[in-house]
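Topology and contacts: notes
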Amino acid sequence: MTINWRKWNRVLHRDLGYFFFGLTIIYALSGIALNHINDWNPSYNITTRDVIWPYLQNDNPITEGQVLEFLDLYGEKKNYKKFYKPQGDQLKIFIKNGNIDLNLVTGQGVLEKIKRRPIFHQVNFLHYNPGKVWTWFSDLFCISLILIAFTGLFINQGKNSITGRGAVLTGIGVLIPILFLIIN
């Protein structure tokens, strides 16, 4: 009995491709996001807003009541957590999903809100390997990608196979990263 290696090559390529479809999409999306990490924060949307502290600085301590009145002006009263003064002329207020930094001398401050980006936050979380089991699964995925790449070379026969047009495309695909490494 002879083994039909082309059949098993196709089966391995197809079934690994199906099994790892979801993970391929996850790593592709997070890869795109991480490629542009200097342009945006892929996991969080951070917004800022200028605010004005309405109370003049004096020797009286700042009260929670003042902080709550201030937060009410900006619609953040319900999100209040706590406050503290890291230095004499600074006030830091913590709110749900953000914070406010205030200069008590000028009264100027910045309200910063942080919100998770849908989909990108989750795929980036997985891309950063959140645990040992996930690391093993993603290692298996990486090994499977190597198998998918090699089995893909031998799917076609004839002029479009690895001995024809496929060889040229494979060669170009290998040369591009090598040239990039040489140039940079």
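Above this text is the structure in question.
Presented here is a report on the structure given in the accompanying data block. What you see is a predicted model, and the numbers here were worked out from it, not measured in a lab. (Residues numbered from 1 in each chain as written. Predicted model: local features only at pLDDT ≥ 70, side-chain atom pairs only at ≥ 80, totals over all residues. Heavy atoms only, no water.)

Along its length, the protein carries 6 helices and 5 strands. Along the protein, helices and strands appear, N-terminal first, in the series α-α-β-α-β-β-β-β-α-α-α. On C-alpha atoms alone, the protein measures out to a radius of gyration of 28 Å, which is more than a quarter above the 16 Å that the 2.2 N^0.38 rule sets for 184 residues. A principal-axis box enclosing the C-alpha atoms of the protein has dimensions of 95 × 40 × 25 Å. Relative to its full complement of 184 residues, the protein shows a buried share of 24%. If you sum the accessible surface of the protein, you get close to 13,200 Å²; carbon and sulfur atoms cover 62% of it. Between the mean site of the 19 positive side-chain charges and the mean site of the 12 negative ones, the protein shows a separation of 19 Å. (Helix = DSSP H or I, 4+ residues; strand = E, 2+ residues; numbered from the N terminus. Rg over C-alpha atoms; globule rule 2.2 N^0.38 Å. Buried < 20%, exposed > 50% of the residue type's maximum accessible area, 1.4 Å probe, protein only. Areas by Shrake-Rupley, 256 points an atom, 1.4 Å probe, with all protein chains shown as cover. Lys, Arg positive; Asp, Glu negative; His and termini not counted. Charge placed at Lys NZ, Arg CZ, Asp CG, Glu CD.)

What follows concerns unusual backbone geometry. Generally, phi is negative for residues other than glycine and the peptide bonds are trans, each holding for most cases. Within the chain, Asn97 stands out as a residue other than glycine whose phi angle is a positive 60°. With respect to the element layout, Asn97 can be found in the loop between strand 3 (90-95) and strand 4 (98-103). Looking at Asn97, the relative accessible area reads 47%, which means it is partly exposed. The phi dihedral of Ile119 is positive, around 70°, even though this residue is not glycine. With respect to the helices and strands, Ile119 occurs in the loop between strand 5 (108-116) and helix 4 (120-127).

Take the packing of aromatic side chains next. Going through the model one piece at a time under the given rule, you end up with 11 aromatic pairs. Taken together, a centroid distance of 6.2 Å and an interplanar angle of 75° make the contact between Trp5 and Phe154 edge-to-face. Residue Trp5 is found in helix 1 (residues 5-19), and its partner Phe154 is found in the loop between helix 5 (132-153) and helix 6 (165-183); the two are separated by 149 residues along the sequence. Relative accessible area serves as the criterion here: at 49%, Trp5 is assigned to the partly exposed category. Residue Phe154 is classed as partly exposed on the basis of its relative accessible area of 33%. (Phe/Tyr/Trp six-rings, centres within 6.5 Å; stacked < 30°, edge-to-face > 60°.)

This part is about the sheet that holds strand 2 (residues 80-84). Read across the sheet, 5 strands follow the order 1-5-4-3-2 without closing on themselves; strand pairing throughout is antiparallel. The open sheet terminates on both sides in strands that have one partner only, identified here as strand 1 (44-52) and strand 2. Averaged over all pairs of adjacent strands, the angle between their axes in this sheet comes to 15°, without regard to strand direction. As defined by bridge partners, strand 3 adjoins strand 4 across 6 bridges and the pair is classed as antiparallel. Across the sheet, residue Phe94 finds its bridge partner in strand 4, namely Asn99. Strands in contact with helix 3 (residues 64-73) are strand 1, strand 2, strand 3 and strand 4; relative to strand 2, the strand with the most contacts, it is inclined by about 125°. (Pairing = 2+ DSSP bridges. Axes fitted to C-alpha atoms, helices over the stretch in contact; angles between N-to-C directions. Contact = heavy atoms within 4.5 Å.)

The subject of this paragraph is the packing of helix 2 (residues 21-35) against helix 4. Helices that pack against each other are described as a pair by the angle of their axes relative to one another and the distance between those axes. Following both chains from N to C, one finds helix 2 and helix 4 inclined at 100°, their axes separated by 9 Å at the closest point. Regarding the angle of helix 2 to helix 4, the classification is roughly perpendicular. On the side of helix 2, the interface is formed by Ile26, Tyr27, Leu29, Ser30, Gly31, Ala33 and Leu34, while helix 4 contributes Phe120, Val123, Asn124, Leu126 and His127. Split into classes, the residues belonging to the contact of helix 2 with helix 4 amount to 8 nonpolar, 4 polar and no charged. (Parallel < 35°, antiparallel > 145°, perpendicular 65-115°, else oblique. Nonpolar A, V, L, I, M, F, W, Y, C, P; charged D, E, K, R; others polar.)

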